[in-house]
Amino acid sequence: ELKVEQNPLFLSMQEGKNYTIYCNYSTTSDRLYWYRQDPGKSLESLFVLLSNGAVKQEGRLMASLDTKARLSTLHITAAVHDLSATYFCASLGRAGGTSYGKLTFGQGTILTVHP
Amino acid sequence: GAVVSQHPSRVICKSGTSVKIECRSLDFQATTMFWYRQFPKQSLMLMATSNEGSKATYEQGVEKDKFLINHASLTLSTLTVTSAHPEDSSFYICSASLAGAQETQYFGPGTRLLVL
C-alpha cells in the first residue's frame, strides 16, 4: 500500500525566510501533486510533477521531484503572511496496466508565517 | 473550466437522521467521482470511488451500508450518510475526473457535516 509522509507537520516561519517541506512516498508513483488548503476550504491545486527531475515554480513556491529517492520537495522563498495555510502532497499510484490507482495524501504541513 | 460543486456547503442534523450530499461537475462529464472525508486537522482519506452507472468501490474500513453512493449520471454523484451519528461529523470533499483522464481530479468546495 502506498504511504506518503510529509515533514515537518508544523512549520512556523518568519516573513522573508526560506524553508522546504519534504514529501516521501513508499512505492513507485506516476505523479506527485501539491495542494494548498485554507481553513474551512477545499483543496487548491498548486503543482503536478510527472517525471524524475521535474521542477515547477509559481511565485514564491517551487516544487521538485526525485523519483529515484521517492522524494518531492516544496520550497518556499521569502515567505509572506499570505502563504499561511496547510500544504498537502499526494501521490497517484498505478492500479495496473494503464489504469490509475487512488490518490494518497500526506498528513499535511501547517504553515504559519509571522512578521 | 472543470468546476465541481457540492451541495449543501454546511449541514447540521440530529443523530439518527440521514443526510444527502450532492457533487456535480458543472462543465464537464465526469465518469469517475471520488469521495473523501477529512477530520479536523487531519489529512484527506479516500472513502470510495464511483464510476457512472456502476457500483461504488469502497476503501477498507468504510461501511457501504452507512455511506451510500450513487453516480447515476455523468455530472452527478451523491453521498448519503445514513443514520448519522456525532462521529460522522466531518468535512466531506468530492472530486471528479474527466473520461480517460483519471490522473487529474478536480475538487469540490466541500461539505461540512455536524451531527448533534
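Check the entry above for the structure.
Residues numbered from 1 in each chain as written. Chains lettered and ligands numbered in written order. Predicted model: local features only at pLDDT ≥ 70, side-chain atom pairs only at ≥ 80, totals over all residues. Heavy atoms only, no water.

(A) Structural detail: the pattern of salt bridges. With the rule as written, the count across this model stands at five salt bridges over all chains. As a salt-bridge pair, B:Glu103 and A:Arg31 come within 3.9 Å of each other at their nearest N and O atoms. In this pair, B:Glu103 sits in strand 10 (residues 101-107) while A:Arg31 sits in strand 4 (residues 31-37), so the two residues belong to two different chains. Across the pair, exposure class does not vary: B:Glu103 and A:Arg31 are buried alike. (Salt bridge = Lys/Arg side-chain N within 4 Å of Asp/Glu carboxyl O. Helix = DSSP H or I, 4+ residues; strand = E, 2+ residues; numbered from the N terminus. Buried < 20%, exposed > 50% of the residue type's maximum accessible area, 1.4 Å probe, protein only.)

(B) A look at the state of the cysteines. Following the criterion strictly, the structure yields two disulfides over all chains and no others. There is a disulfide in this structure between A:Cys23 and A:Cys89, and the S-S distance comes to 2.0 Å. Here the disulfide of A:Cys23 and A:Cys89 is right-handed, its torsion about the S-S bond being about 85°. Here A:Cys23, found in strand 3 (residues 19-25), pairs with A:Cys89, found in strand 9 (residues 85-96); they are 66 residues apart in sequence, far enough to count as distant. When sorted by exposure, A:Cys23 lands in the same class as A:Cys89, which is buried. Linked covalently through their sulfurs, B:Cys23 and B:Cys94 form a disulfide whose S-S length is 2.0 Å. Negative torsions about the S-S bond denote left-handed disulfides, and the value of about 80° found for B:Cys23 with B:Cys94 makes this one right-handed. Placement of B:Cys23 in strand 3 (residues 19-25) and of B:Cys94 in strand 9 (residues 90-98) is noted, with a sequence separation of 71 residues between them. (Disulfide = S-S within 2.5 Å.)

(C) Quick look at the packing of aromatic side chains. Inspection of every chain in the model, using the stated rule, returns nine aromatic pairs over all chains. Where A:Tyr35 meets A:Phe105, the ring centres are 5.8 Å apart and the plane angle is 40°; that geometry is what we call tilted. Of the two residues, A:Tyr35 sits in strand 4 while A:Phe105 sits in strand 10 (residues 99-105), which places them 70 residues apart along the sequence. The exposure class of A:Tyr35 is buried, given its relative accessible area of 3%. Three or more aromatic residues joined by ring pairs make a cluster, and in this case those are A:Tyr33, A:Tyr35, A:Phe88, A:Phe105, B:Tyr36 and B:Phe107. Over the ring of B:Phe91 we find B:Arg112; its NZ or CZ atom is 4.4 Å from the centre of that ring. (Phe/Tyr/Trp six-rings, centres within 6.5 Å; stacked < 30°, edge-to-face > 60°. Lys NZ or Arg CZ within 6 Å of the ring centre and 35° of its normal.)

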